[in-house]
Amino acid sequence: MSDDVLSHIPALRLFARSLTGRYGDADDLVQDTLVRAIASAQSYTPGTNMRAWLFTIMRNRFYNDRVKLARERPGAEDCISSVPTTPETQYWHVRGREIEAALMGLPQAYREAVMLVLVTGESYQSSAEILGCDIGTIKSRINRGRKLLQTALGEEV
C-alpha cells in the first residue's frame, strides 16, 4: 500500500459522503481527517495500510462529532438556505439522487460496509478492520445491503 495520502482523497470523499449525507459536510470531514492524520503522523507505521488508517480516523471523527452535535444542537437544519432553488432536469441526475437516497436509507452498519467495499473498493479484510468487526459480518452486511438497495430502487431481488 502506498504511503501517498493524496491518492486516497477520492476514496475518503466517497466514504465521507456516505457518512454525512451532504457534500459540504463530507468535504469538511475529509479536510479534518487529513489535518488529524498529519498531526498524528508519528502514530502511523510506514508500510501498513494507510487507507484503512485514514478511514479509521475519519470514522472516529465523524462519530465523535455526532455525539458533540447531539449535545449542542444548532438550528441549521431548518435554515432556508439549505433548500434548493432550482430543480434538476436531467434524468441521470434524478436516478443518481434515487440511488443516493436508497444508500442513505440503509441502516448505518449496512451503508458503511456497502460504501467501503462496493463504492471505494476496499477489501473485505480491510473493511472489517476499519469497522472493527469480523470479515463474515462484512460479507453479511454487503449481501443484506445489496438486497435492501435493490428493493428500494424497485429492482427484482
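Structural notes, computed from the coordinates. (Residues numbered from 1 in each chain as written. Predicted model: local features only at pLDDT ≥ 70, side-chain atom pairs only at ≥ 80, totals over all residues. Heavy atoms only, no water.)

**Digging into the pattern of salt bridges**
Two side chains of opposite charge can pair, provided their charged atoms sit close to one another. Short version of the rule: By convention in these notes, a salt bridge is any Lys or Arg side-chain nitrogen within 4 Å of a carboxyl oxygen on Asp or Glu. Counting from the N terminus, the helices are DSSP H or I runs at least four residues long and the strands are E runs at least two residues long. Only protein chains enter the accessibility calculation, which uses a 1.4 Å probe; a residue is then buried when its area is under 20% of its type maximum, exposed when over 50%, and partly exposed in between.
By the definition in use, this model includes seven salt bridges. For aspartate 27, the salt bridge identified is with arginine 13, shortest N-O distance 3.8 Å. Residue aspartate 27 is located in helix H2 (residues 23-39), and its partner arginine 13 is located in helix H1 (residues 9-20); the two are separated by 14 residues in the primary sequence. Given a relative accessible area of 41%, aspartate 27 falls into the partly exposed group. On the basis of relative accessibility, which here comes to 47%, the residue arginine 13 falls in the partly exposed class. Its salt-bridge partner being aspartate 32, residue arginine 61 comes within 2.5 Å of it at the nearest N-O pair. Linking arginine 61 in helix H3 (residues 50-72) with aspartate 32 in helix H2, this pair joins segments that are 29 residues apart in sequence. A single burial state applies to arginine 61 and to aspartate 32, both of which are buried. Taken together, the shared-partner salt bridges connect Asp32, Arg36, Arg61 and Asp65 into one network.

**Considering the nonpolar core**
What counts is decided by this rule: Here, nonpolar core refers to any group of buried Ala, Val, Leu, Ile, Met, Phe, Trp, Tyr and Cys residues whose side-chain atoms link them within 4.5 Å. Should any heavy atoms of two residues lie within 4.5 Å, those residues are counted as being in contact.
Grouped together as the largest cluster of nonpolar side chains are 35 residues, with contacts concentrated most on Leu12, Phe15, Trp53, Phe55, Met58 and Ile138. Here this core takes eight residues from H3, the largest share from any one element. When residues no more than four places from it in sequence are discounted, the contact partners of tryptophan 53 are Ala37, Ser40, Ala41, Ser43 and Tyr44.

**Quick notes on the packing of aromatic side chains**
The following threshold applies: Here a Phe, Tyr or Trp ring, Trp counted by its six-membered ring, pairs with any other such ring whose centre lies within 6.5 Å, and the pair is stacked when the planes are under 30 degrees apart, edge-to-face when over 60, and tilted otherwise. Consider the ring centre and the ring normal. A charge sits over the ring if Lys NZ or Arg CZ is within 6 Å of that centre and within 35 degrees of that normal.
As enumerated under the stated definition, the model contains three aromatic pairs in all. Seen in terms of ring centroids, phenylalanine 15 and phenylalanine 55 are 5.1 Å apart; in terms of plane orientation they differ by 70°. Their pairing is edge-to-face. Residue phenylalanine 15 is found in helix H1, and its partner phenylalanine 55 is found in helix H3; the two are separated by 40 residues along the sequence. By relative accessible area, which is 0% here, phenylalanine 15 ends up buried. With a centroid separation of 5.2 Å and an interplanar angle of 70°, the aromatic rings of phenylalanine 62 and tyrosine 63 are classed as edge-to-face. Its end group placed over the ring of tyrosine 124, lysine 139 keeps NZ or CZ at 5.7 Å from the ring centre.

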